[in-house]
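# Coordinates in review
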Amino acid sequence: MSVNKARQLMIEKIAENVRVECNVTDYGFHNLFEATEKAGYRVIRYPIGSESFLGFALLKDTDRIIFSNSSLILAREIFSVAHEIGHQKLHLSEQGITIIRDDDFKDRDENEIEANYFAACLLMPEDKVNKFIRLELDGKSIDDWNGLDIARIQTAFNVSYDMAVIRLKALHIIPVSVLEDLRLEKLEKTTAKLLKAIKGNADLCQPAEAKKIPAEYLEWVIFNYQEKLIPKKSLETALSYVDLNAEDFETQQEEMDEDKSFDDLLKGMMD
Ligand SMILES: [Zn+2]
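Described in the following lines is the structure provided in the data block. (Residues numbered from 1 in each chain as written. Predicted model: local features only at pLDDT ≥ 70, side-chain atom pairs only at ≥ 80, totals over all residues. Heavy atoms only, no water.)

In this section: the packing of aromatic side chains. By convention here, two paired aromatic rings are described through the distance between centres and the angle between planes. Tallying each qualifying case throughout the model produces six aromatic pairs. Ring plane angle 10° and centroid distance 5.1 Å describe the contact between F56 and F67, whose orientation is recorded as stacked. With F56 in strand β2 (residues 55-60) and F67 in strand β3 (residues 63-69), this pair connects stretches of sequence that are eleven residues apart. On the basis of relative accessibility, which here comes to 1%, the residue F67 falls in the buried class. On the numbers, 5.9 Å between centres and 65° between planes, the contact of F132 with F157 is edge-to-face. (Phe/Tyr/Trp six-rings, centres within 6.5 Å; stacked < 30°, edge-to-face > 60°. Helix = DSSP H or I, 4+ residues; strand = E, 2+ residues; numbered from the N terminus. Buried < 20%, exposed > 50% of the residue type's maximum accessible area, 1.4 Å probe, protein only.)

Structure (structure tokens):
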């Protein structure tokens, strides 16, 4: 961890404040996407393909926008949103950087390490992890842990198997030897089977493919269409994401020639 101790504590506090603000009294967030909106962010979820980028944090005028790629398995998408909240809280400002896009989370850049650390503190705070082990795993000795225990932790905190294991290692709860055993066990049994075995949240291993666009953003698209600033095709594309019809918002106007796609609109937001 190259983030210095004082900064690390500060990040931990900010993450804790977000949990308090979102009223998270349980181990994990029941629904991080809704909580993020309640915390004042505009959340856009769209399945742009598993090979595409993971998400971005954007400051546009007074809007704080978080985009997440819902083609990722749900547990990873949840991590993406937590990571982007980290960028919003720690790195974006009106005067400085207004957008950070993530192609992967392996970047060793200081901001990326910080956003990952923020996400870990937000999703799996140290005190809650210890509480879970004490109360839900009955203080079971680490040597007796198996993949099912990790699946239980995954379900309580709504995180991926890998994130759970990495966080437990970072908190010095499990040693490297156990970490490797647990990783091997995952390869052998697959997380989905482990989650099913404990009747846990198997949705975590599937992409949600969610198409979620904030109402304000749709209103903005409809307004632009009615003001003849964008062609009908863009309106149709934007509305089709949320299963609405362009006809419902039709005004008598001539078709525009310009062939702007919804992707261009998204890009437009990022400029
Ligand atoms: Zn990042």
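What follows deals with the pattern of salt bridges. All told, the structure shown has nine salt bridges when counted by the stated rule. Across the salt bridge formed by E114 and R7, the nearest N and O atoms sit 2.6 Å from each other. Placement of the pair is E114 in helix α4 (residues 110-123) and R7 in helix α1 (residues 5-21), with a sequence separation of 107 residues. Overall, R7 belongs to the partly exposed group, its relative accessible area being 25%. Across the pair K189 and E185 runs a salt bridge, and its minimum N-O distance is 2.9 Å. Of the two residues, K189 and E185 both sit in helix α8 (residues 176-189), four residues apart, roughly one turn of that helix. (Salt bridge = Lys/Arg side-chain N within 4 Å of Asp/Glu carboxyl O.)

The subject of this paragraph is the pairing of strand β1 (residues 42-46). When you tally the buried positions in β1, you get four out of five residues, the bulk of the element. As judged from the five bridges shared by β1 and β3, these two strands associate in the parallel manner. When the bridges of β3 are listed, R42 appears paired with I65. (Pairing = 2+ DSSP bridges.)

Within the protein, the zinc ion binds to H83 (NE2), H87 (NE2), D102 (OD), D102 (OD) and E112 (OE); these donor distances fall in the range 1.9 to 2.6 Å. Read in sequence order, the donor residues coordinating the zinc ion give the pattern H-x3-H-x14-D-x9-E. You can see H83 sitting in helix α3 (residues 74-90) and its partner D102 sitting in strand β4 (residues 99-102), a full 19 residues away along the chain. For the pair shown, H83 and D102 are each scored as buried. (Donors = N, O, S within 2.8 Å, 3.2 Å for Na, K, Ca; no water.)

For the rest of this paragraph, the subject is the packing of helix α7 (residues 161-170) against α8. Interhelical geometry of α7 versus α8 gives an angle of 175° and a closest axis separation of 10 Å. With respect to each other, α7 and α8 are oriented roughly antiparallel. Facing Y161, D162, V165, I166 and K169 of α7, the residues of α8 in contact are V176, L179, L182, R183, E185 and K186. Counted by class, the contact of α7 with α8 contains six nonpolar, no polar and five charged residues. (Axes fitted to C-alpha atoms, helices over the stretch in contact; angles between N-to-C directions. Parallel < 35°, antiparallel > 145°, perpendicular 65-115°, else oblique. Contact = heavy atoms within 4.5 Å. Nonpolar A, V, L, I, M, F, W, Y, C, P; charged D, E, K, R; others polar.)

So, on to the sheet that holds β3. The sheet built from four strands is open, its strands ordered β1-β3-β2-β4 with mixed pairing. The sheet is open, and its two borders are formed by β1 and β4, each paired with just one other strand. Averaged over all pairs of adjacent strands, the angle between strand axes in this sheet comes to 15°, irrespective of strand direction. On top of the sheet, α3 reaches β1, β2, β3 and β4; it is set at about 155° to β3, its chief contact.

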